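Overview (structure and organization)
Read off the chains here:
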Amino acid sequence: MVHLDDATKRLELVRYHMQQGWQIDAPVLGRHAYLDQRGSIRAVEVVLSRSEMRQVVALPDTASVREFLHFYGLNVIDV
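Reference entry: report on the structure contained in this document. Note that this is a predicted model, so its numbers are computed, not measured.

Analysis parameters
- Residues numbered from 1 in each chain as written.
- Predicted model: local features only at pLDDT ≥ 70, side-chain atom pairs only at ≥ 80, totals over all residues.
- Heavy atoms only, no water.
- Buried < 20%, exposed > 50% of the residue type's maximum accessible area, 1.4 Å probe, protein only.
- Helix = DSSP H or I, 4+ residues; strand = E, 2+ residues; numbered from the N terminus.
- Arc of directions from axis to C-beta.
- Phe/Tyr/Trp six-rings, centres within 6.5 Å; stacked < 30°, edge-to-face > 60°.
- Pairing = 2+ DSSP bridges.
- Salt bridge = Lys/Arg side-chain N within 4 Å of Asp/Glu carboxyl O.

Quick look at helix 2 (residues 63-71) now. Among the residues making up helix 2, those that are buried are Val65, Phe68 and Leu69. Within helix 2, the buried residues cover an arc of 95° as seen down the axis, which keeps them to one side. In this structure, helix 2 carries Ala63, Glu67, His70 and Phe71 as exposed residues pointing more than 90 degrees from its buried face. At the C-terminal side of helix 2, Gly73 shows a positive phi close to 70°.

It is worth spelling out the packing of aromatic side chains at this point. Taken as a whole and judged by the stated rule, the model has two aromatic pairs. Between the aromatic rings of Phe71 and Tyr72, the centroid separation amounts to 5.1 Å while the plane-to-plane angle is 85°, which identifies the pairing as edge-to-face. On the basis of relative accessibility, which here comes to 41%, the residue Tyr72 falls in the partly exposed class.

Let us look at the pairing of strand 3 (residues 53-60). Strand direction decides the pairing type here: strand 2 (residues 39-50) and strand 3, joined by eight bridges, are antiparallel. Paired with Val47 across the two strands is Val56, which belongs to strand 3.

Our next topic: the pattern of salt bridges. Applying the stated criterion across every chain yields a total of six salt bridges. Notably, a salt bridge pairs Asp25 with Arg54, separated by 3.5 Å at the nearest N-O pair. Here Asp25 is found in strand 1 (residues 23-36), whereas its partner Arg54 is found in strand 3, with 29 residues between them in sequence. What makes Asp25 partly exposed here is its relative accessible area of 24%. In this structure, Arg42 engages Asp61 in a salt bridge whose closest nitrogen and oxygen atoms are separated by 3.3 Å. Here the residue Arg42 occupies a position in strand 2, and Asp61 occupies one in the loop between strand 3 and helix 2, the gap between them amounting to 19 residues.

Right, here's the structure in full:
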């Protein structure tokens, strides 16, 4: 189970990178990451880029992550 603390930490990591000049490349992908006893856990994957560097970050698909992406005008494409 992914705890809200984990989601918050990962989102803060993405925010930190963006403050350092990284950008999120479209598309942002939403997918079922894995299964637990209660069902599937959804994740949102973003690609951070800066110059020639790329980094993929998987975030739990939470309301705060969706709000963050909406603020930057990014839609999630479900795969």
